[in-house]
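Observations on the three-dimensional arrangement
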Amino acid sequence: MIKVTINGREVQLDKQVTILEAARRAGIKIPTLCHFEGLEMYGGCRLCLVEVEKMPRLQTSCTLMVTDGMVITTESEQIAAARRGMLEFILTNHPLDCPFCDKAGECELQDLVYLYGGTEGRFTEPKAKHPESNVDPILARNIERCISCTRCVRMCDGVVGASAISMINRGRHTVMEPFSGGKFDCEYCGNCLTVCPVGSILSRLYKETYRPWQVERTVRTVCGHCGVGCSYDLQVRDEAIKRVIPRIGEGLNRGLLCARGRFGYEFVGAKDRLKKPLVRRDGNLVETTWDEALGFIAAKLSEVIKTHGGEAVAGIASVRCTNEDNYVFQKFMRGVVGTNNIDSAARMGFSGAQAYLESLRGQGVSANVIAGLAKSDVIFVAGGDPTMVTPILGLEIRGAAKKGAKIISLDPAPGLEFFNPHKIVPSLFAEGAVLESLLCRAVSARGMTGELPHLEEAIRAAVSAECAGVAAQSGVPDAEIEKASATISGSQSPAFVIGPDIVQRADGNRNLFLLAALSYVTGGRIFLLSGKANEQGAVDMGCLPDTLPGGRPLAIDGFRKRHEDACGMSVPAREGLSLMEMFPAMADGRIKALYVIGENPAFNLPGGNSIKSALEKLDLLVVQDIFLTETAKMADIVLPALSWAEKDGTFTNLERRIQRVRRGVNREGREDWRILCDLAGRMGAAMEYASSEAVMSEIARVSPVHRDLHYSDIEAGAMQWPYHGEPLRGEASTVSLVTASARPTVGSGRFALLVDRPLFQSGTLTRRSKALLKLIPKATVKMNPLDAASLGISGGIVRVSSDAGSVELEAVIDSSVQMGAVKISNHFEGAGVFGLMTKPPVDPVTKAPAFEGCLVAVEPLKGDAKS
């Protein structure tokens, strides 16, 4: 125990910290401008000076560590004079433009000058002049206000790892400058905005639009984009989100945000939001009343159920809706409609992958804390770039690399390029051969423990004894795989980060089996990336065709009976259809009605033409959403719902951490769960809840995993799986493992079509984010330089054609794209990658769609072409 005296008070510390931190723990504030929590020490502003007994000079409290018996004074005439003098120096070049500076009211320099003085300057030299820079579409720079605290540089380099900005020049000419010149060429996370103490770096989204004291309310919530679940505050004025700001050191993101989280909220206030229900009359969607819309749905659904049975109805839940919404949806579908045809877009890679991994290694195998990545000594990344899919998790990997962790990436991961990864780039779709060779070597090096006999038996049966022979199938030199194997086998704390790309294969189950087996043999933890805010929540709430809330298998009579007793409704015994199985059933007439909440299958599912054709054959299509999406335009009834920022509830992130979502904005529309309850009442079923909290109370009664879970527990934090509940113990007694048939061959002008997952877009919602559209204004097709050169393409407009159609896009040359493949994102209307895909094969185990079967031709266009 270390004992120090600060301002006459004895402070006890369990470990050595800086004087600044010791004072903070004692509730004593020491002023500073260059120090910021989480950044490396700097000691540049000299405002944190303190007196330390037996030291002749004032000391910087942000760099000096406490020692036992130290006596410290933080306020005295000498200290105040020194601080006043430093502020006077800072103001020699700082403009006195507080009345119209956007930072006024929350400017740290302004506060300190008010506290300590320095209101009159003795320096007569002219101030350094720098014109304000507005050449960047997102960030504005006013260098005259810069105080050279270097917070922004230390954040960008030391924490984010982007290294996009630096301090240049010397003395009074020192300025912050992007390496790319006037315009930032960076990840636009905006964390430099968070740390800037003055108005030197500003967001152009809210520049000169309001002042901090004009904010009407600040609401604590979590981000609605990816599955990390970053927490932040919504600042609201006139029922519009004006700004998103994190709380430093709080939440699993610890005050960090990505571009989507910080700037991707504008869709909430979009002018084309749905406000009233729409009904199809004479082939057109026209406005109607809630009473008429709900009455129409109740009558048509009841007619379908009476004529064809509940199994003729299917429902698609939402990975962007709250746990409460999704729970009520599955209850409505099972208890009122009488069907288990329930699934969500989590089926695209997350839900099936998690279920299969849990069948191999037990429930909760992927429920690992993101911050734990920092303690890993080896991180194996497969199936996508985590800095694009889940950016804040990607920052944890970068941070681990800075601490000495070794990164191994299977396939390109551009966001980790500057962190010395061991890159393994196999032939197209040959990741499985690399994984099998790694597993073969790991078993040879470390053996197996006997803990999971069924898995070990499957490993022995599936893995070839000839490691080098398997490696030869991958196109990767054996020495490269041997090097990676030695790194993994020698690890004490490996982590395996699994992205969607390696799951979305015809034999994605084999890839998952090999990764699960490799993590088992090496004692590693699994992190399953989730690109949407509540994929895990949709799974846990039972929005699956074979699983009840809390992860209980529907097929086991005892679990189903207990669920029926708890929720007061009967549940069909027959398992339902998964997401990709629903559409063939619509096409052949087995499914007559489809209810969709918060999803856009006509655009967001592969095989767009076949999906649309199936939807057209329905007797009833109901869409509940916030925009008139491609699917909503085909619907018989469209109901206006609320976005994540306009309702209360909870999300469950990829760690299985439950967090509160809070209403920040009030607007027209109804919560999804409330709409479903109103509809259930019209169909003769009692589903009544006073609030989202009441829904959670029922979840806590029905789901064994969520037992006795209340909002008060969630708000207290640390709501990590399995909460207060009872997880399902054990693993499957047998291992399902299916190998895909031969894949199509690329070449002769035909390329494999892959999904691009850009950092600055997140599904169709970000189409309506003006800020993000400035960064990626339109769809493009990315090609490997060698492939492009072989076609005489150096940029410009090209036509991409498949058996499903064609689209004209700008070509972007990108060395991270593998030879033989092209990449297109799925964000922009009329130019989505899934619209070019024919009906994809489905992995028979995970039921996830496989993307490697679609081949496209690329040809340059002469003259002007519309993109």
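Reading guide: rules and limits
- Residues numbered from 1 in each chain as written.
- Predicted model: local features only at pLDDT ≥ 70, side-chain atom pairs only at ≥ 80, totals over all residues.
- Heavy atoms only, no water.
- 1 Å grid on protein atoms, 1.4 Å probe; cavity = no way out; pocket = protein on both sides within 12 Å on 5 of 7 lines; lining within 4 Å.
- Points joined across faces, edges and corners; volume = space filled by probe spheres on them.
- Helix = DSSP H or I, 4+ residues; strand = E, 2+ residues; numbered from the N terminus.
- Nonpolar A, V, L, I, M, F, W, Y, C, P; charged D, E, K, R; others polar.
- Domains from an automatic or database assignment.
- Phe/Tyr/Trp six-rings, centres within 6.5 Å; stacked < 30°, edge-to-face > 60°.
- Buried < 20%, exposed > 50% of the residue type's maximum accessible area, 1.4 Å probe, protein only.
- Lys NZ or Arg CZ within 6 Å of the ring centre and 35° of its normal.
- Pairing = 2+ DSSP bridges.
- Right-handed = clockwise from strand over helix to strand, strands pointing away.
- Salt bridge = Lys/Arg side-chain N within 4 Å of Asp/Glu carboxyl O.

**Concerning the layout of surface pockets**
Considering only enclosed or pocket space, the second largest pocket measures out at about 1400 Å³ in volume. Residue lining of the second largest pocket: 46 residues in total, with Phe36, Glu37, Glu108, Arg151 and Ile248 positioned closest to the centre. Elements supplying a minimum of two residues to the lining of the second largest pocket: helix H1 (19-25), helix H3 (108-116), helix H5 (191-195), strand S9 (201-203) and strand S12 (240-245). At 5 residues, H3 tops the list of elements feeding residues into the lining of the second largest pocket. Partitioned by chemical class, the residues of the lining of the second largest pocket number 26 nonpolar, 4 polar and 16 charged. Both domains that furnish three or more residues to the lining of the second largest pocket are identified here as domain 1 (2-75) and domain 2 (126-264).

**Comments concerning the packing of aromatic side chains**
Aromatic ring pairs: the centre-centre distance and the angle between the two ring planes describe each pair. For the coordinates displayed, the defined rule picks out 8 aromatic pairs. Centre to centre, the rings of Phe332 and Tyr595 are 6.0 Å apart; their planes meet at 65°, and the pair counts as edge-to-face. Highlighted residues: Phe332 in helix H8 (residues 323-337) and Tyr595 in strand S24 (residues 593-597), separated in sequence by 263 residues. Take Tyr595: its relative accessible area is 1%, and that puts it in the buried class. Here Phe834 and Phe851 contribute two aromatic rings whose centre-to-centre distance is 5.3 Å and whose plane-to-plane angle is 50°, an arrangement assigned as tilted. Linking Phe834 in the loop between strand S33 (821-824) and strand S34 (855-860) with Phe851 in the loop between S33 and S34, this pair joins segments that are 17 residues apart in sequence. The same class applies to Phe834 and to Phe851, which are both buried. The ring of Tyr206 carries Arg243 above its face, with NZ or CZ at 5.2 Å from the centroid. Directly above the ring of Trp290 sits Arg670, whose terminal nitrogen or CZ lies 4.1 Å from the centroid.

**A short note on empty space enclosed by the protein**
The full count for this structure, using the stated rule, is 5 cavities of 30 Å³ or more. What the second largest cavity holds in volume is close to 120 Å³. Where the lining of the second largest cavity is concerned, the elements lending two or more residues are helix H4 (151-160) and H5. Of all the elements, H4 adds the most residues to the lining of the second largest cavity, at 3 residues. Among the residues forming the lining of the second largest cavity, the class breakdown is 12 nonpolar, 2 polar and 1 charged.

**Some details on the pairing of strand S20 (residues 494-498)**
Most of S20 is tucked away: 5 of the 5 residues are buried. With burial as the criterion, each face of S20 is covered, one bearing Pro494, Phe496 and Ile498 and the other bearing Ala495 and Val497. Where strand S17 (residues 378-382) and S20 come together, 5 bridges link them in parallel fashion. What sits directly across from Phe380, in S20, is Phe496. Note: S20 against strand S21 (residues 525-528), 4 bridges, orientation parallel. Along S21, the bridge assignment pairs Ala495 with Arg525. After leaving S20, the chain enters helix H16 (residues 508-522) and then returns to the sheet as S21, a path that is right-handed.

**Section: the sheet that holds strand S5 (residues 71-73)**
Strands pair in a sheet through their backbones, by hydrogen bonds, and they do so in one of two ways: parallel or antiparallel. Taken together, 5 strands build an open sheet; the order of strands is S2-S1-S5-S3-S4 and the sheet is mixed. With partners counted over all chains shown, the strands left at the sheet margins are strand S2 (9-13) and strand S4 (59-60), one partner each. In terms of strand pairing, strand S3 (residues 49-52) meets S5 through 2 bridges, oriented antiparallel. Residue pairing across strands places Val52 opposite Ile72, the latter belonging to S5.

**Comments concerning the domain arrangement of the protein**
Each domain of the protein was delimited in the assignment, giving domain 1 (2-75), domain 2 (126-264), domain 3 (278-341 + 545-642 + 666-687), domain 4 (364-528) and domain 5 (750-860). Between domain 3 and domain 4, the C-alpha centre-to-centre distance is 38 Å.

**Thoughts on the pattern of salt bridges**
Where charged atoms from two side chains of opposite charge come close, those side chains can pair. The full count for this structure, using the stated rule, is 57 salt bridges. In this structure, Asp14 and Arg25 form a salt bridge, with 3.9 Å as the shortest nitrogen-oxygen distance. Here the residue Asp14 occupies a position in the loop between S2 and H1, and Arg25 occupies one in helix H1, the gap between them amounting to 11 residues. Classification of Asp14 by relative accessible area gives exposed; the value is 63%. Under the relative-accessibility criterion, Arg25 is labelled partly exposed at 40%. Between Arg663 and Glu671 there is a salt bridge whose closest N-O contact spans 3.0 Å. The exposure class assigned to Arg663 is partly exposed, which follows from its relative accessible area of 28%. The buried category is assigned to Glu671, whose relative accessible area is 10%. Salt bridges here are not isolated pairs; linked through shared partners, they connect Asp14, Glu21, Arg24 and Arg25.

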